[in-house]
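Geometric and topological summary
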Amino acid sequence: MDRYLKLIQSGKLDHVELLRPSVSYIKKLSDVILERNVVNSLSVIFGCSGMVEMAHLIIKCHSVKSLTLKSNGNVPHRLKPHTNQFIILASALSLNSSLKLLSIQSIFLGEKEMKALGLAIKENRSLEHLKLCNTNYEGTSDHLNYLFDGLSSNTTITDITLAKYTFTKENVIDSLVNALRMNTSINSVAISGCTGKSHSTYFIEGLCDALGKSLRIRSLALMCMAPLSAHYLKLLLSENLERLYIGNTLIGDEGAEVIANYLNFNPKLRAIDLPSCYITGKGLTLLGKSLIHNINLKQLGIAYNHLFENGGMQEFITHISENRYITEVECHPVIGVPIVEEDRFYKLSLKNITDRNCKLSENLFDVLVYAISENCECGEMCKLRHS
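The notes below deal with the structure included here. Everything numeric in this text was worked out from a predicted model, so none of it was measured. (Residues numbered from 1 in each chain as written. Predicted model: local features only at pLDDT ≥ 70, side-chain atom pairs only at ≥ 80, totals over all residues. Heavy atoms only, no water.)

This part covers the nonpolar core. Of all hydrophobic cores here, the largest spans 104 residues; its most connected members are Leu117 and Phe167. Excluding anything up to four places from it in sequence, Leu117 contacts Phe86, Ala90, Leu102, Ile104, Leu109, Leu132 and Leu147. (Core = buried A, V, L, I, M, F, W, Y, C linked by side-chain atoms within 4.5 Å. Buried < 20%, exposed > 50% of the residue type's maximum accessible area, 1.4 Å probe, protein only. Contact = heavy atoms within 4.5 Å.)

Structural data, given as structure tokens:
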């Protein structure tokens with residue numbers, strides 16, 4: 001028995017990661033896991049086999065709560081599993097009564113595989129978190145209908161993540177929207193790198209209809225959705241949001257104004273992150289003003305934005321210094337900043353924040369150092385000191 005299996009047998013490992021395990025190794029692993037019953041997280045990068053043996057493990061083992069399935073390789077034809085093997089694995093998922101998290105990444109699923117997965121999600125009564133990334137096969141999104149139909153009938157999933165999908169037909173978008181609307185247990189949604197191509201507006205409108213009117217959504221994350229205008233952003237923001245992540249969507253200062261107004265009336269929002277949204281100092285000022293009297297927000301993220309364009313940084317630091325409740329600020333790095341002048345003011349303004357132990361990413365002062373060093377002609381780090 002190798003060292004890895006011995007560690008599991010001794011009860012010292014509760015998370016197991018396997019890279020292209022052989023069939024015989026999975027069988028040995030199953031025996032050890034079933035004997036000790038201590039492994040609660042399992043991550044497997046598959047080669048061309050092993051799914052049937054993994055299915056037997058999933059059916060028998062009740063200690064594994066988290067299962068991540070990945071595929072080995074980058075060429076599409078290498079990523080497609082044997083149909084019969086995956087169907088057996090999906091059937092095992094429908095029978096499992098202990099699994100809480102299922103993540104499938106870069107395993108390209110055709111019609112039969114996606115149909116089996118959709119049925120498994122429909123019948124499973126323990127899953128709470130579902131994460132699917134890049135499982136389209138041969139550029140089609142039609143098969144996703146099976147998945148979304150299963151999701152609409154599931155009664156236990158509360159958290160869903162979809163990444164790297166292209167919805168090429170309106171009926172698939174309708175299935176997703178219907179699933180998000182019909183599944184009343186979902187309260188956390190993350191959509192990353194998904195587009196509707198020629199149906200982008202239809203896609204955004206559908207999400208607004210499904211999520212913006214829902215009072216059960218507590219966490220919303222959207223990334224890489226370039227056509228997300230301020231108008232649609234406003235429609236997406238529901239009343240009960242506690243966490244909001246809008247990344248790489250180019251909402252700009254107009255979108256920052258929408259969020260600033262939203263912060264003024266939403267008493268439940270605890271964390272907001274807006275990376276790579278092309279927010280300048282103008283939008284930063286609006287966000288700062290909305291935080292003066294806000295007593296609920298604890299975390300604020302504004303990294304990878306153009307914060308020193310159009311002024312506003314000085315006023316923002318003043319406003320955030322007056323807020324006594326924010327505990328974490330993420331604003332580094334800053335994109336395309338000019339040389340910063342009057343740094344003494346920034347250093348004095350930061351004193352109020354650092355004195356009350358507010359956790360700052362790299363510290364706001366270091367953002368200024370970064371800004372200057374990145375634009376220094378000599379290419380050396382400009383040494384500014386806290387004084």
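Let's pick the thread back up.
This brings us to helix H5 (residues 83-95). Side chains three or four residues apart in an α-helix point the same way, a direct result of the helix having 3.6 residues per turn. Here H5 is 13 residues long and its end C-alpha atoms lie 19 Å apart, about the 18 Å a rise of 1.5 Å per residue gives. Of the positions making up H5, those classed as buried are Gln85, Phe86, Leu89, Ala90, Ala92, Leu93 and Ser94. (Helix = DSSP H or I, 4+ residues; strand = E, 2+ residues; numbered from the N terminus. Expected span 1.5 Å × (residues − 1).)

Enumeration over the complete set of coordinates arrives at two cavities of 30 Å³ or more. Put simply, the largest cavity is a space of about 60 Å³. What lines the largest cavity is Leu42, Leu57, Ile58, Cys61, Val64, Leu67, Asn96 and Leu99. Residues belonging to the lining of the largest cavity are distributed by class as follows: seven nonpolar, one polar and no charged. (1 Å grid on protein atoms, 1.4 Å probe; cavity = no way out; pocket = protein on both sides within 12 Å on 5 of 7 lines; lining within 4 Å. Points joined across faces, edges and corners; volume = space filled by probe spheres on them. Nonpolar A, V, L, I, M, F, W, Y, C, P; charged D, E, K, R; others polar.)

As a further point, take the pairing of strand S6 (residues 159-163). Across the five residues that make up S6, a large majority, four, are buried. As paired elements, S6 and strand S7 (residues 188-192) share five bridges and run parallel to each other. Note that in S7 the partner of Ile160 across the bridge is Val189. For the crossover from S6 across helix H8 (residues 170-182) to S7, the handedness is right-handed. (Pairing = 2+ DSSP bridges. Right-handed = clockwise from strand over helix to strand, strands pointing away.)

For Cys61, the location among the structural elements is in the loop between helix H3 (51-60) and strand S3 (66-71). Residue classification places Cys61 among the buried positions, given a relative accessible area of 2%. Residue contacts for Cys61: discarding those within four places in its chain leaves Ile33, Leu34, Asn37, Asn96 and Ser98.

Let us now look at the layout of surface pockets. There is about 200 Å³ of room inside the largest pocket. Taken together, 14 residues line the largest pocket, and the ones lying closest to its centre are Arg243, Ala271, Ile272, Asp273 and Gln299. Secondary-structure elements contributing two or more residues to the lining of the largest pocket are strand S8 (219-223), strand S9 (243-247), strand S10 (271-273), strand S11 (299-301) and strand S12 (328-330). Tallied by class, the residues present in the lining of the largest pocket amount to seven nonpolar, three polar and four charged.

The next point concerns the pattern of salt bridges. Within the structure shown, the criterion is met by four salt bridges. The salt bridge involving Asp209 is made with Arg181; its shortest N-O contact spans 2.3 Å. In this pair, Asp209 is assigned in helix H9 (residues 200-212) and Arg181 in helix H8, connecting sequence segments 28 residues apart. Between Lys289 and Glu315 there is a salt bridge; the shortest N-O distance is 3.9 Å. One end of the pair, Lys289, is in helix H12 (residues 281-290); the other, Glu315, is in helix H13 (residues 313-322), and 26 residues separate them in sequence. (Salt bridge = Lys/Arg side-chain N within 4 Å of Asp/Glu carboxyl O.)

Spatial relationships are all this shows, so hold off on functional conclusions.
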